[in-house]
Amino acid sequence: MEHYTEAIKSNPDDPKAYSNRAACYTKLGYTRKVAIQFFMKDYDKALETYQEGLEHDPQNQELLDGVRRCVEQINKASRGDLSPEELKERQVLVDLQENPNAAQQHMKNPLVMHKIPKLISSGIVQVK
């Protein structure tokens, strides 16, 4: 992005530099958001985010690979191949979104509390 910013400074009338810099910011945004969703094992949301990114860049191999990884994990879950730890993490996410009493109990867990800022910054969990 720095190179595009420098190109804009040296030639502010070049629309290509602005367009390329915007594309970098877009890709960076999707990459960060989807990395957190995938890390939190929210594969359905990660798949949606990858697909949104592909709307902007349909040939992006990183996004295409991400779709494949998400589909693999979703299929794994539908076959019941999840480990007990993966099932527990999924339940925590569901509780945070749908069950305030259970969410309060999860918030007492230091491991969950450690992950909350990442979830909030990515938009996966919203604080009211």
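Before reading on, note that the structure itself is shown above.
Residues numbered from 1 in each chain as written. Predicted model: local features only at pLDDT ≥ 70, side-chain atom pairs only at ≥ 80, totals over all residues. Heavy atoms only, no water.

## A look at the environment of lysine 76
Following the sequence through the fold, lysine 76 ends up in helix H4 (residues 61–78). Ignoring anything within four residues of it in the chain, the contact list for lysine 76 reads Asp81, Leu82 and Glu86. (Helix = DSSP H or I, 4+ residues; strand = E, 2+ residues; numbered from the N terminus. Contact = heavy atoms within 4.5 Å.)

## Considerations on the nonpolar core
Across soluble globular proteins, you tend to see nonpolar side chains buried next to one another. Membership of the largest hydrophobic core is limited to 9 residues, which are Ile36, Met40, Val92, Leu93, Leu96, Ala103, Val112, Ile116 and Leu119. Elements with a minimum of two residues in this core: helix H5 (84–98) and helix H7 (110–122). Counting residues in hydrophobic clusters, the runner-up holds 8 residues, among them Leu54, Leu63, Val67 and Cys70. (Core = buried A, V, L, I, M, F, W, Y, C linked by side-chain atoms within 4.5 Å. Buried < 20%, exposed > 50% of the residue type's maximum accessible area, 1.4 Å probe, protein only.)

## Let's talk about the side chain of glutamine 73
Here glutamine 73 shows up in helix H4. Judged by relative accessible area, which is 18%, glutamine 73 ranks as buried. If we ignore the near neighbours within four places in the chain, the residues touching glutamine 73 are Phe38, Tyr43 and Glu86.

## Details of a negative patch on the surface
Side chains of Asp44, Glu48, Glu52 and Glu55 sit close together on the surface and give a patch of like negative charge. Along the chain, glutamate 55 falls in helix H3 (residues 43–56). (Patch = residues over 30% accessible without salt bridge, like charges linked within 9 Å, V, L, I, M, F, W, Y side chains within 5 Å. Areas by Shrake-Rupley, 256 points an atom, 1.4 Å probe, with all protein chains shown as cover. Salt bridge = Lys/Arg side-chain N within 4 Å of Asp/Glu carboxyl O. Lys, Arg positive; Asp, Glu negative; His and termini not counted. Charge placed at Lys NZ, Arg CZ, Asp CG, Glu CD.)

## A few points about the packing of aromatic side chains
Counting across every chain of the model gives 1 aromatic pair. An angle of 70 degrees between the planes, with centres 4.9 Å apart, marks the rings of phenylalanine 38 and tyrosine 43 as edge-to-face. When its relative accessible area of 4% is taken as the criterion, tyrosine 43 is described as buried. Directly above the ring of phenylalanine 38 sits arginine 69, whose terminal nitrogen or CZ lies 5.7 Å from the centroid. (Phe/Tyr/Trp six-rings, centres within 6.5 Å; stacked < 30°, edge-to-face > 60°. Lys NZ or Arg CZ within 6 Å of the ring centre and 35° of its normal.)

## Brief notes about the pattern of salt bridges
All told, the structure shown has 2 salt bridges when counted by the stated rule. Lysine 9 is paired through a salt bridge with glutamate 6; the nearest N and O atoms lie 3.7 Å apart. With a gap of 3 residues between them, lysine 9 and glutamate 6 both fall in helix H1 (residues 2–10), about one helical turn apart. Here glutamate 72 makes a salt bridge to arginine 68, at a shortest N to O gap of 3.0 Å. Within this pair, glutamate 72 and its partner arginine 68 are both found in helix H4, separated by 4 residues, close to a single helical turn.

## Concerning the packing of helix H2 (residues 15–39) against H4
Helix-helix packing: each pair is described by the crossing angle between the helix axes and the interaxial distance. Where H2 contacts H4, the axes come no closer than 12 Å and their chain directions differ by 15 degrees. Taken together, H2 and H4 sit at an angle that is classed as roughly parallel. The way H2 lies across H4 gives a crossing that is left-handed. Residues Lys27, Thr31 and Phe38 of H2 pack against Glu62, Arg69, Cys70 and Gln73 of H4. (Axes fitted to C-alpha atoms, helices over the stretch in contact; angles between N-to-C directions. Parallel < 35°, antiparallel > 145°, perpendicular 65-115°, else oblique. Left-handed = near helix turned anticlockwise from the far one by under 90°.)

## Regarding H4
Its 18 residues give H4 an end-to-end C-alpha distance of 26 Å, which sits within 8% of 26 Å, the value for a rise of 1.5 Å per residue. Those residues of H4 lying buried are Leu63, Gly66, Val67, Cys70 and Gln73. Buried residues of H4, seen end-on, are gathered within an arc of 135 degrees and therefore sit on one face of the element. Buried residues in H4 make contact with H2, H3 and H5. The N-terminus of H4 is capped by asparagine 60, whose side-chain oxygen sits 2.9 Å from the backbone nitrogen of glutamate 62. Looking one or two residues past H4, glycine 80 carries a phi angle of roughly 80 degrees, positive in sign. (Expected span 1.5 Å × (residues − 1). Arc of directions from axis to C-beta. Polar contact = N/O pair within 3.5 Å; in protein donor to acceptor, adjacent residues only side chain to side chain.)

No statement about biological role is implied by the geometric values presented.
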